[in-house]
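Each chain, letter by letter, is given below.
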Amino acid sequence: MRLKLVPQETNWNFFGKPRLTLGLSVVLIVLAAVSFLLQGLNYGIDFRGGTTIRTESAQPVDVGAYRDAISPLNLGDVAISEVFDPGFDEDQNVTMIRIQAQEGQESVSAEVIAEVENALKQVAPDITFISVESVGPKVSGELIKTAVIAVLLAIGAVLVYIWLRFEWQFALGAVAALVHDVILTIGVFSELQIKFDLAIIAALLTIVGYSLNDTVVVFDRVRENLRKYKKKDLKEVLNISINETLSRTVMTSVTTLLALISLFVLGGDVIRGFVFAMIWGVIVGTYSSVFVAAIILYWLGVKRDWSKPDANTGNQFANVDA
Amino acid sequence: MLQIELWKRVLILGLCALGLLLALPNAFYTRVETYNDALAAQATGASGPEIEAQTELWPDFMPRALVNLGLDLRGGAHLLAEVQVEDVYEARMTSMWPEVRDLLREERETVGTIRLQPSASDELRVRVSRPELVGEAAALVRGLARPVTSVTGAGSNDIEVSTDGDEVVVTLSEAERRATDDRTVRQALEIIRRRIDEVGTREPTIQRQGSDRILIQVPGIGSASELKQIIGTTAQLTFHPVVRRTSNEDATAGSGNEILPSIDEEGTFYVVESAPVVSGEELVDAQPSFDQNNRPAVSFRFNPTGARKFGDYTAENIGSPFAIVLDGEVISAPVIQSHIPGGSGIITGRFSVEESTNLAVLLRAGALPAGLEFLEERTIGPELGADSIEAGKIASIVAFAAVLVFMFLSYGTFGVFANIALILNVGLIFGLLSLIGATLTLPGIAGIVLTIGMAVDANVLVFERIREELKTARGPARAIELGYEKALSAILDANITTFITAVILFAMGSGPVRGFAITLGLGILTSVFTAIFVTRLMIVMWFERRRPKTIEV
């Protein structure tokens, strides 16, 4: 007996409640945008410059005492947070201290870091400094730029590839799904104020790749079925295609999620944000390839008869062919 | 019907075996690492029973390339330095002045007297007392121009001379600036490499980034500030004629001169000529030594050009002091006692033995041609790296087990095939990583875990397709064949799009992100390979042996 997440034969109507599914996406996108505009992202030092110090001590951490020790140094905005992880030993008390970029300096000077370290040693004598990272505002500005370019470039390259392999309507559908995923991921990071750093950009690009992976598989089947069922209307063909690939979509998402969840729980706190972005991305990516990409494709309409280039069937957008 | 030719079978199995063989050293990481270190030590001439024993740790015929561990896994320091290329323009202009002065002085009859004007640091302004002849003066100065020695700048001259009222303005040409920038950065890179090599750490990464940046990563070093100390400051050694000694910091130096503080006598300043007689670039050797009073000192030797300049200058200026300047501070200002012909000398100062040794190292490695500004500094403790590796290992194993069990439950026998392919897949990733000498970072581990999840995708696509085909096709063999055939376009399209993003990540990303892109990209290659060829081969071989009438996928 096989484990089956999806019944062998499904005939679900994925276009039955477009107002509900698309509405959900629209609401979430609006929420993401509002959150992004109101509170913005919690940028890590990669993107806004400054210094982070990771400390470890056997004594319980008193964040207030740490703050009192550092504040006389007048370093501007200093954020101190304690880090928890199931992987830590009992006497392993970890904090992250973030110091803003100092006026007129590229990276925080060694003296400033030494001062901070000395001040903290007064509070917790056994404290050790596990990592100290400092990024100057010049580099962080460039990192933001390259990150944005990388994401746009990835989306652009994919748009072109799908356009070449399929039709432009497919490309638009896939990219709509992609943008949907990227926006929702950024939205979650803004809403939950999880640290947004360079690694998250890597996660975003992987989400781009994953979401596409999913979408392309569905589209591949749509292309095949469009040739197979020449008489059926587009909505029906799309529905058949999604149903036929549903088992695979779910299987792959589940195996990927299994791997990611184990990394999320056991992989340590350093990459937890990164893994969280991926988990979220896999979930919305799966959702969007079924509900967003296909609906956009349905709206745009596609060329039906692949043997004759210009014969379009009745659809209001059918003449808008590239 | 379900056939794979023999040569293809051999090729597929051979590739798998090769990949696993390449991956094998990583399973004995510390052992192979010790072995490699011992070999490296032998290559530099070291020997001894201990090294002999260490070279026995690993058989010679086996591959010995390991996956490099990134800084975030091993601990160490990372610096991104920007070379202040403009520093060199200034030095160039300052050294132009004596040349221009001597030239125009000889032509005093025609252009009148000249005077150096204060100017921006990257230009030289000379006022001519007869403004109507400024054009002639400029033409004379233009005669000093030399062709630029670089590929892109061929055909242009190194300086541009223009006139501004009664002043002749000399600047470096655009082509010369570019050529100088390039030379400066390459020189800086080389010097940094030499200094780090003197300390002898394992596998430092010293790379040029963009036009004027240098990335320095040294595993195993205590902190970024320690690394900065090794790279040192500029250690620019120059010898200047001393105009006078003063205790007034704000004294007027006069044109062409500057005021420099003394390094060990507080409140003492020297007015020196800005253009040096000789500079540290002309040094060929520097060694720690002792002076006649047995105090630590540094002895040095110039190359022939430097020796000639130094010899001529000392011969002409017996009795006057000259200043030995290190990075803008006067180490000492001895009075020239006699002509020094041989081009060697000794620097005395209030050094400790350690300081004289350090100074000798810095001088020997050569001065950095320009200052460095550090844009990024990261120190990662080895404990954090070890924790991350540990956590990554556990997470990978759990992820692996979960996916294996899940695949078996879903696809039975076929799931087992996919699982074997998956294990092989991870082996192949490590083999490829070792082969290309890639660096494994923490996000890289995440990339591998993600690949574990996604690698089964291609197999899932095929298996699902076979399930579908079983409903309509004639017999299981045909269904398997159709399954592979029809799933291929989806597999390729889906993986090519993901691969595109991995390539972009690699091209645009840096450090850890790049590590992620590498494992993701390699993971896609190996997973497509294992799905299309390896599992297929396994299924075919299984099918040939069992000849099942019906199959359940």
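Residues numbered from 1 in each chain as written. Chains lettered and ligands numbered in written order. Predicted model: local features only at pLDDT ≥ 70, side-chain atom pairs only at ≥ 80, totals over all residues. Heavy atoms only, no water.

Our working definition: UniProt positions are given in the numbering used here, feature names are shortened, and annotations may be inferred rather than shown by experiment.
Going by what an unreviewed UniProt entry lists, chain B is known as Protein translocase subunit SecD and is assigned to Salinihabitans flavidus. What the UniProt record of chain B gives under Subunit (unreviewed entry) is the line "Forms a complex with SecF. Part of the essential Sec protein translocation apparatus which comprises SecA, SecYEG and auxiliary proteins SecDF-YajC and YidC." In its Subcellular location (unreviewed entry) section, the UniProt entry covering chain B states "Cell membrane".

Taking an unreviewed UniProt entry as the reference, chain A is identified by name as Protein-export membrane protein SecF belonging to Salinihabitans flavidus. You can read under Function (unreviewed entry) in the UniProt record for chain A the words "Part of the Sec protein translocase complex. Interacts with the SecYEG preprotein conducting channel. SecDF uses the proton motive force (PMF) to complete protein translocation after the ATP-dependent function of SecA." UniProt annotates chain A under Subunit (unreviewed entry) with the comment "Forms a complex with SecD. Part of the essential Sec protein translocation apparatus which comprises SecA, SecYEG and auxiliary proteins SecDF-YajC and YidC."

## What about the overall build of chain B?
Note the following rule: Elements are defined by DSSP. Helices are runs of H or I of four residues or more, strands are runs of E of two residues or more, and each kind is numbered from the N terminus. For this measure, only C-alpha atoms enter the radius of gyration; the expected value for a globule follows 2.2 Å times N^0.38, where N is the number of residues. Under the scheme applied here, a residue whose accessible area is under 20% of the maximum for its type counts as buried, over 50% as exposed, and between as partly exposed, the area being computed with a 1.4 Å probe on protein chains only. All tallies of charge rest on Lys and Arg as positive and Asp and Glu as negative; His and the ends of each chain are not included. Every charge is mapped onto a representative atom, which is NZ of Lys, CZ of Arg, CG of Asp or CD of Glu.
From N to C terminus, chain B includes 15 helices and 19 strands. Relative to the compact-globule value of 24 Å for 553 residues, chain B shows a C-alpha radius of gyration of 34 Å, a clear excess of over 25%. Taking the principal axes of its C-alpha atoms as reference, chain B extends roughly 110 × 60 × 40 Å. Considering chain B as a whole, with its 553 residues, one finds that 53% of them fall into the buried category. Averaged over its 48 positive side-chain charges, chain B has a centre that lies 10 Å from the centre of its 68 negative ones.

## Topic: the interface of chain B and chain A
Definition in use: Whether two residues touch is decided by their heavy atoms; if any such pair falls within 4.5 Å, the residues are in contact. Here's the idea: put two parts together, see how much 1.4 Å probe accessible area each one loses, and the total over both is what we call buried area. The salt bridge definition used is simple: a Lys or Arg side-chain nitrogen within 4 Å of an Asp or Glu carboxyl oxygen. For this analysis, a polar contact is any N or O atom pair within 3.5 Å, provided that within protein one partner can donate a hydrogen and the other can accept it, and provided that sequence-adjacent residues contribute only side-chain to side-chain pairs.
Counting residues at the interface gives 66 residues for chain B, matched by 71 residues for chain A. Both faces combined, the contact of chain B with chain A buries some 5,900 Å², and carbon together with sulfur accounts for 64% of it. A per-residue breakdown of the area chain B buries against chain A is headed by F406, D493 and M508 of chain B, which together make up 11% of the total. Applying the counting criterion to the chain B and chain A interface returns nine salt bridges. A salt bridge links R213 of chain B to E142 of chain A, with the shortest nitrogen-to-oxygen separation between them at 2.6 Å. Between chain B and chain A we count 19 residue pairs in polar contact (both at pLDDT 80 or more) in total.

## Side note on the UniProt feature "transmembrane region" (unreviewed entry) in chain A
All names here are of chain A. Cross-referencing UniProt, the feature "transmembrane region" (unreviewed entry) maps to residues 20–38, 143–164, 170–189, 196–213, 249–267 and 274–300 in the present numbering. Taken end to end, residues 143–164 is 100% helix and 0% strand, and its two terminal C-alpha atoms sit 31 Å from one another. In residues 170–189, the share of helix is 100% and the share of strand is 0%. The end C-alpha atoms are 29 Å apart.

## Here we look at the sheet that holds strand β3 (residues 114–117) of chain B
Residues and elements named next belong to chain B. Here is the rule: At least two bridges found by DSSP between two strands is the condition for calling them paired. Lines fitted to the C-alpha atoms define the axes, with helices restricted to the stretch that makes contact. Angles between their N-to-C directions range from 0 to 180 degrees.
One open sheet holds the four strands; their spatial order is β3-β4-β6-β5, and the pairing between them is antiparallel. The sheet is open, and its two edges are formed by β3 and β5 (159–164), each paired on a single side. Put simply, the sheet's adjacent strands are angled 25 degrees from each other on average, direction ignored. Where helix α5 (residues 86–106) meets the sheet, it contacts β3, β4 (123–128), β5 and β6 (167–172), and its direction lies at approximately 25 degrees from that of β4. Strand contacts of helix α7 (residues 134–142): β4, β5 and β6, with the helix running at about 170 degrees to β5, the strand carrying the most contacts.

## Side note on the packing of aromatic side chains
The condition is simple: Note on aromatic contacts: the rings of Phe and Tyr and the six-membered ring of Trp form a pair at centre separations within 6.5 Å, being stacked when their planes are under 30 degrees apart, edge-to-face when over 60 apart, and tilted otherwise.
Per the stated rule, a full pass over the model turns up 28 aromatic pairs over all chains. Ring geometry for F274 of chain A versus F516 of chain B: centroids 5.2 Å apart, planes at 90 degrees, classification edge-to-face. Note that F274 of chain A is positioned in helix α9 (residues 272–291) and F516 of chain B in helix α15 (residues 511–546), a pairing that runs across two chains. A relative accessible area of 3% means that F274 of chain A is categorised as buried. Their ring planes at 45 degrees and their centres at 5.7 Å tell us that F529 of chain B and F533 of chain B sit as a pair that is tilted. In this pair, F529 of chain B and F533 of chain B both sit in helix α15, four residues apart, roughly one turn of the helix. On the basis of relative accessibility, which here comes to 39%, the residue F533 of chain B falls in the partly exposed class. Taken together, Y43, F47, F189, F196, F264 and F276 of chain A form an aromatic cluster joined through their ring pairs.

## Observations concerning the packing of helix α5 (residues 137–165) of chain A against helix α6 (residues 168–192) of chain A
Residue and element names in this part refer to chain A. Which entries qualify depends on this criterion: Here is the rule for angles: anything less than 35 degrees is roughly parallel, anything more than 145 is roughly antiparallel, 65 through 115 is roughly perpendicular, and the remaining ranges are oblique. Take the far helix as your reference; a near helix turned counterclockwise from it by less than a right angle gives a left-handed crossing, and one turned clockwise gives a right-handed crossing. Amino acid classes used here: Ala, Val, Leu, Ile, Met, Phe, Trp, Tyr, Cys and Pro are nonpolar; Asp, Glu, Lys and Arg are charged; the rest, including Gly, are polar.
The interhelical angle for the contact between α5 and α6, taken along N-to-C directions, is 150 degrees, at an axis separation of 8 Å. On the basis of their axis angle, the class for α5 and α6 is roughly antiparallel. Classified by chirality, the crossing of α6 by α5 is right-handed. On α6, the residues that touch I155, L159, I162 and W163 of α5 are W168, F170, A171, L172, A174, V175, L178 and V179. Of the residues in the contact of α5 with α6, the class split is 12 nonpolar, no polar and no charged.

## Considerations on the pattern of salt bridges
This structure, assessed with the given rule, holds 37 salt bridges over all chains. The salt bridge involving E99 of chain B is made with R146 of chain B; its shortest N-O contact spans 3.9 Å. Here E99 of chain B, found in helix α5, pairs with R146 of chain B, found in the loop between α7 and β5; they are 47 residues apart in sequence, far enough to count as distant. Owing to a relative accessible area of 43%, R146 of chain B belongs among the partly exposed residues under this scheme. In this structure, R378 of chain B engages E376 of chain B in a salt bridge whose closest nitrogen and oxygen atoms are separated by 3.1 Å. Like E376 of chain B, R378 of chain B is buried. Taken together, the salt bridges that share partners define one network made up of D46 and E133 of chain A together with E376 and R378 of chain B.

## Structural notes on unusual backbone geometry
The phi angle at Q193 of chain A is positive, at roughly 55 degrees, despite the residue not being glycine. Non-glycine residue N294 of chain B carries a positive phi angle of around 65 degrees. Relative to the elements of secondary structure, N294 of chain B occurs in the loop between β13 (283–290) and β14 (296–302).

## A few points about helix α1 (residues 6–23) of chain B
So the rule is basically this: Here the expected span of a helix is defined as 1.5 Å times the quantity of residues minus one.
Over its 18 residues, α1 of chain B runs 26 Å from end to end, which matches the ideal 26 Å to within 8%, given 1.5 Å per residue. Listed in full, the buried residues belonging to α1 of chain B are R9, I12, C16, G19, L22 and A23 of chain B.

## A closer look at the pairing of β4 of chain B
Residue and element names in this part refer to chain B. The element β4 is largely enclosed, with a buried count of five among its six residues. Across four bridges, the pairing between β3 and β4 is antiparallel. When the sheet's bridge partners are listed, Q117 is paired in β4 with R125. Between β3 and β4, which pair antiparallel one after the other, the connecting turn spans five residues.

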